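Each chain, letter by letter, is given below.
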Amino acid sequence: MADKADKGAIIQVAGLTKSYGEVLAVDNISFQVNRGELFGFLGPNGAGKTTTINVLTGLARLGSGAIQISGIDCTRNPKAAQHLVGIVPDESNLYPELNGFENLCFCAALYGMPKNERQARARELLDTFGLTDAANRKFAGYSKGMKRKLTFAAGIIHQPPILFLDEPTTGIDVASARQVRQIIADLHRKGTTVFLTTHYIEEAERLCERVAFIVNGRIVRTDRIADLLQPVQGKNVLILSVSDSGGNLSEEATRCFPQYQLQFTPGQMRVESEETVSIGPLIRFLEERAVQVSEARRRHPSLEDVFVQVTGIEAGLMRKEKEKAAGGGNQ
Amino acid sequence: MKRWIAFWAIMGKDMRLYYLKPPNISWGIIFPLAWTGMFFIKSGSGLESVLALLPGVMTISILFGTTSILAVTITFERRSRSFERLLLAPISLELLMLAKTTGAILFGVINAFVPIVIAAFMADLSGIAWSLVIPAIILIGIVSTYLGLFIAVSVSEVFEAQTFSNFFRFPMIFLCGLFFPIMALPVFIRPLSYILPITYGVDILHGAVSNQNIMPLSLDFLILGAFCAVLFVLSLHNIKRRWIL
C-alpha cells in the first residue's frame, strides 16, 4: 500500500483477511472507498460484512492485510482514525437506563465534545430523528424503530467525515426505514463518506454510487451501480403470477419458447428476453396446462438481477432470512 | 482535554448507573457489617475490640464494594454490547479502563469510611495514624478494583463473574489477616496469604491503627503498588486478547 492515500480514496483496504479460530470470515479482500462516496457492501448473512466493519473500526483484530483511513495507517493501530469515524452497529447498543438525551450527550462526551456543544447537538439530532418527545424517556422503553434511530443519531453525534452503517434499516418499520434512508442521503449530500452494509439490494441501488458484492468472505464484484446495471439495461423482464410452481412445465416451456430465458419459482414465472415478450402465447400455453395466471407485470432489470447473476444467491431468500434473524420489520 | 472529557463522562455514567444501586448497598456495606457483627459477638469481647476489628472491616468493605460491582457491570456491558461503544471512542484502552475503574475505586474508598464513622461512636480513634490509613485505603481500593477487573475480563457471563469473585473474596477473609492473624494460621497455609494482595493492605492498616504490622510498612506499600500495576497490565492484556478478537 502506498504511503499516502490515493487521491480521492478515504478508505483503502488491501488483502484484508480475518479468521475466528478455524472459521475464515473474510478472505483476502481489497477495495477502496472514495471521499464523499456512498459505498454499498452487499451480501447474505455470514458473508463477512460486519467482520469487515469491525476490523476497519478497531473492534476486531486484523488478521492480515493493510488498512488506511483518511491517509492514516490503521494496520497496526486501529484506534488511530477512530476520531474520524462514526459507527451505527447492526444492533442498538446504547444504555437502557439512560434516557435518549442522556445517551446522546454521553456519546458526544466520548468524542470530547464540551457540555454546551454536546447538549445542543443532542437536541438537534433528537429533532432531526423525530425523537424530541421521547428525549426524557429511558432508552429501554423505546420501540425498535426509535432505538434504531437513536443509535443512528449516536453514530453521527460528532459529525464524523466517515460513517459506517451496518444494516441500518433491518427490522424496523417502513416509516422509520424511509426516514433513515432520507437521513443517509442527506449526510451523503453534505459530503460524509458512507460505508453501508445491507441485504436490501433495492436500498443499495437507490442510495449507493458503488457497491461490492461479498459472498463467503470474498468480494466477487465491485463496480458503480450504473456500470453493473448497464448489461441488463436493454433486457425485457416479465413476471407472471401463477397458480402453480410450474416445475413440471419448465422443460416443455423452455422448448416452446427458446427465445426466452424462463425461471420458475413458487407462484411466479420470470421471463427474460432481449426482445419484447409476447404475453398472449405464454398465457395460452399456461392455461392449456391448467395453470392460472393472475397477474402479469413488466419489470425493469434491477441491481437484484445483477446480484443474482453474479453471486447465484436468490435475493428474496436472503432478505427473508435476514428479516427473520432481525425479528421482523419490513421495507 | 478531549480525552479527559471522555474520562469524566465514563466515570460519571458508571457512578450514576451502577454504584448507588441496591446490590452495592447490600454487598458493599451491609454484608461487611454483618460479618463484623458476627466476629464481634463470637469474640465475646467488649468495645475494646473495635480498634482490632476496624482494619478488617474497612478492607472487607472495600473488597466487596469494588469487586461485586465492577465484575458484574463490565460483564453486563459486554453482553449488552454497550461496551463496544466505549471501545470505539477515540481514547486509549488504558484511559478507558482507568475511567471504568476510577468510579469503583472511589466507591471502595467511600465504603471504607462507613465503618470508620460507626467506629468513631464506639471507640477513641485519635491514636490512628491517618497519614498511613488514607493511602492504604486508596491502594486497597485500587488493588480490589483491579482484581474485579481481572475477574470481569476472564469471564463471559454475569453469573460467572459473581462465582469467580467469590472464589477470590471468601478465602481472602480468612487468609489475609483481616480477622485472624496470619501468624495464627497453620504454617503450610501462610504462603497463600503472602500471594494475596489484600494481606499487605491489611498489614498497613493494622500498623496504622494499633501498630501491629508484621512486615515493614514500606515493603507493604511497595508490594501493594506492584500488585496494582501487575493486575492492571494483566487485565489490559486480557481485554486485548479476549475482547478485541
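That block above? That's the structure.
1. A few points about the sheet that holds strand S3 (residues 38-42) of chain A
Strand pairs in the sheet, formed through backbone hydrogen bonds, run parallel or antiparallel to each other. Residue and element names in this part refer to chain A. In space, the six strands of this open sheet follow the order S6-S7-S8-S3-S9-S10, with mixed pairing throughout. Edge positions in the sheet fall to strand S6 (85-88) and strand S10 (218-224), since each has one partner strand and no second. Strand-to-strand, the axes of this sheet are offset by a mean angle of 15°, without reference to chain direction. Two elements, S3 and strand S8 (residues 193-198), share five bridges in a ladder whose sense is parallel. By the bridge assignment for S8, Gly40 is matched with Leu196. Helix H4 (residues 144-155) contacts S6 and strand S7 (162-166) of the sheet and is inclined by roughly 170° relative to S6. Contacting strand S9 (210-215) and S10, helix H7 (residues 225-233) runs over the sheet at an angle of about 90° to S10.

2. Details of the sheet that holds strand S13 (residues 268-273) of chain A
Residues and elements named next belong to chain A. The four strands are arranged S12-S13-S11-S14 in an open sheet whose pairing can be described as antiparallel. A single partner strand is all that each edge strand has here, and the edge strands are strand S12 (261-265) and strand S14 (293-299). Recorded for the sheet is a direction-independent mean angle of 15° between the axes of neighbouring strands. In the sheet, strand S11 (residues 236-242) pairs with S13 via six bridges, with the strands oriented antiparallel. The partner of Leu238 across the bridge, within S13, is Val271. Contacting S11, S13 and S14, helix H9 (residues 279-288) runs over the sheet at an angle of about 150° to S14.

3. Thoughts on the pairing of S12(A)
Bridge analysis of S12(A) against S13(A) gives five bridges, and the strand direction is antiparallel. Following the sheet pairing, A:Gln261 is matched in S13(A) by A:Glu272.

4. Considering the packing of H4(A) against helix H5 (residues 174-189) of chain A
Residues and elements named next belong to chain A. Here H4 crosses H5 at 15°, and the two axes come no closer than 10 Å. The angle between the axes of H4 and H5 places the two elements in the roughly parallel class. For H4 against H5, the interelement crossing comes out left-handed. Only Ser176, Val180 and Ile183 of H5 make contact with H4, whose side of the interface consists of Gly145, Arg148, Lys149 and Phe152. Here the contact of H4 with H5 is built from residues that sort into three nonpolar, two polar and two charged.

5. So, the packing of helix H6 (residues 130-152) of chain B against helix H9 (residues 197-210) of chain B
Residues and elements named next belong to chain B. Orientation of H6 relative to H9, taken along the N-to-C sense of each, is 165°, at an axis distance of 9 Å. Judged by the inter-axis angle, H6 sits roughly antiparallel to H9. For the pair H6 and H9, the sense of crossing is left-handed. Facing H6, whose interface residues are Leu132, Val133, Ala136, Leu139, Ile140 and Val143, H9 presents Pro197, Ile198, Gly201, Ile204, Leu205, Gly207 and Ala208.

Parameters and conventions
- Residues numbered from 1 in each chain as written.
- Chains lettered and ligands numbered in written order.
- Predicted model: local features only at pLDDT ≥ 70, side-chain atom pairs only at ≥ 80, totals over all residues.
- Pairing = 2+ DSSP bridges.
- Helix = DSSP H or I, 4+ residues; strand = E, 2+ residues; numbered from the N terminus.
- Axes fitted to C-alpha atoms, helices over the stretch in contact; angles between N-to-C directions.
- Contact = placed C-beta atoms within 7 Å.
- Parallel < 35°, antiparallel > 145°, perpendicular 65-115°, else oblique.
- Left-handed = near helix turned anticlockwise from the far one by under 90°.
- Nonpolar A, V, L, I, M, F, W, Y, C, P; charged D, E, K, R; others polar.

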